[in-house]
Amino acid sequence: MATQAVAPSRTRFGATERKDDWWRAPLITVIALTAFGIYSIVILIMGSHFLYTKGGAYYLSPFYSPDIRSWGVHITVYGFFVAWVPAGFRITCYYYRKAYWRSFFLSPPACAVEGPRGRRYQGERKFPFILLNAHRFFLYLSLVVVAFLWYDAGHAFVFRDPDGSHTFGVGVGSLLMLLNVILLSGFTFGCNSLRHLVGGRLDCFTCSGTAKARHRTWLGVNVLNRFHMQWAWVSLCSVALTDLYIRLASVGVFTDPRIIH
Ligand code: FES
């Protein structure tokens with residue numbers, strides 16, 4: 001008896017002809033971003049243990065940089081006051097937008113996979129999603145934040161002695177803070193908006209010295225941009241882990257090992 005192939009329904013949620021585990025990436029994205037979001041909100045509400053100073057160290061959590069208290073600004077929601085810039089930068093990032101449109105809104109959950117009926121990606125032209133187009137402005141602000149994080153990382157290698165003098169040293173926290181800012185720089189300097197900023201609106205890459213310099217810069221940004229998704233995830237993890245390390249050390253769970261005095 002002849003059998004007839006039945007085409008999968010294109011209107012049923014999850015309908016696809018894909019044979020791979022397409023659901024794995026959106027599921028991991030939901031778990032990771034939810035965990036990071038909850039962790040961030042909790043530690044920002046707590047508003048404490050973001051600075052480790054034992055043994056003359058100065059390790060500042062990346063969630064709380066820049067340290068506006070050292071400028072004489074004292075507000076109760078200090079963490080939220082500075083963290084909205086990196087938060088906005090990630091929320092409006094083109095990579096993260098793709099990731100959460102797929103994983104949280106399921107529209108669609110993956111390439112060639114049917115999403116929920118009646119819920120289709122319509123672009124980001126209406127409130128509140130039109131605000132996501134402010135990404136380039138968050139980039140400008142994030143470049144300033146990254147500069148402060150480099151300053152904090154440098155500060156983490158300078159230890160205050162009991163007599164008030166300062167000496168160079170290397171602690172595990174110093175290395176973590178350095179690694180964190182390197183990963184954050186890889187994420188920030190591979191931004192699509194930065195590609196446009198340095199290489200956009202140019203008709204000719206070789207017509208002037210400035211155009212050639214911009215072309216070279218654009219090529220450099222492209223190198224980072226090629227792995228933008230990877231930078232996004234490793235830098236997200238490093239921010240959380242650096243904060244956790246400083247937090248645990250500051251509450252006395254352990255003492256930061258000083259490798260070089
Ligand atoms: Fe991802 Fe700009 S596109 S940070």
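Residues numbered from 1 in each chain as written. Predicted model: local features only at pLDDT ≥ 70, side-chain atom pairs only at ≥ 80, totals over all residues. Heavy atoms only, no water.

K.L.:
A description of the packing of aromatic side chains should follow, citing residues and the corresponding values.
P.N.:
Applying the stated criterion to the full structure yields 21 aromatic pairs. Pairing Tyr 64 with Tyr 78 gives two aromatic rings, centres 5.2 Å apart and planes at 65 degrees, and the pair type is edge-to-face. Of this pair, Tyr 64 sits in the loop between strand 2 (59-60) and helix 2 (78-92) while Tyr 78 sits in helix 2; the two residues are 14 residues apart in sequence, bridging distant segments of the chain. Each member of the pair, Tyr 64 as well as Tyr 78, carries the same accessibility label: buried. Measuring from ring centre to ring centre gives 5.0 Å for Trp 101 and Phe 129, while their planes differ by 50 degrees; the resulting arrangement is tilted. (Phe/Tyr/Trp six-rings, centres within 6.5 Å; stacked < 30°, edge-to-face > 60°. Helix = DSSP H or I, 4+ residues; strand = E, 2+ residues; numbered from the N terminus. Buried < 20%, exposed > 50% of the residue type's maximum accessible area, 1.4 Å probe, protein only.)

K.L.:
Can you break down unusual backbone geometry residue by residue, with the values?
P.N.:
Each neighbour pair has its own omega, and for Ser 107 with Pro 108 the value is -10 degrees, a cis peptide bond. Tracing the sequence through the fold places Pro 108 in the loop between helix 3 (94-103) and helix 4 (135-155). Although it is not a glycine, Arg 201 adopts a positive phi angle of roughly 55 degrees. With respect to the secondary-structure elements, Arg 201 resides in the loop between helix 6 (192-199) and helix 7 (209-225).

K.L.:
Provide a residue-level description of the nonpolar core, including the pertinent values.
P.N.:
Membership of the largest hydrophobic core comes to 39 residues, with the highest contact counts inside it found for Phe 63, Tyr 64, Tyr 78, Tyr 95 and Tyr 96. Only helix 1 (24-46), helix 2, helix 3, helix 4, helix 5 (172-188), helix 6 and helix 8 (228-250) provide two or more residues apiece to this core. With near-sequence residues (within four places) excluded, Tyr 96 lies in contact with Leu 33, Arg 90, Phe 187, Ala 232, Trp 233 and Leu 236. Core analysis: the second largest hydrophobic core is formed by eight residues, Tyr 59, Phe 159, Met 177 and Ala 249 among them. (Core = buried A, V, L, I, M, F, W, Y, C linked by side-chain atoms within 4.5 Å. Contact = heavy atoms within 4.5 Å.)

K.L.:
Help me get a handle on the pattern of salt bridges, residues and values and all.
P.N.:
Scanning the model with the defined rule gives five salt bridges in all. Of the charged contacts in the structure, one is a salt bridge between Arg 18 and Asp 20, with a shortest N-O distance of 2.6 Å. The class of Arg 18 is partly exposed, set by a relative accessible area of 30%. (Salt bridge = Lys/Arg side-chain N within 4 Å of Asp/Glu carboxyl O.)

K.L.:
Before we move on, can you summarise the state of the cysteines with the specific residues and values?
P.N.:
Counted under the stated rule, the structure contains one disulfide. Between the sulfur of Cys 204 and that of Cys 207 lies a disulfide, 1.9 Å long from S to S. Where Cys 204 bonds to Cys 207 through sulfur, the torsion about that S-S bond is close to 90 degrees, and the disulfide is right-handed. Classification of Cys 207 by relative accessible area gives exposed; the value is 59%. In this structure Cys 111 is a free cysteine whose sulfur lies 17 Å from that of Cys 93, the closest cysteine sulfur available. (Disulfide = S-S within 2.5 Å.)

K.L.:
Account for the side chain of Thr 242, with residues named and values stated.
P.N.:
Relative to the assigned elements, Thr 242 resides in helix 8. Accessibility expressed as a relative area gives 2% for Thr 242, which makes it buried. Sequence-distant contacts of Thr 242, that is, excluding residues within four places in its chain, are made with Pro 62, Leu 176, Met 177 and Asn 180.

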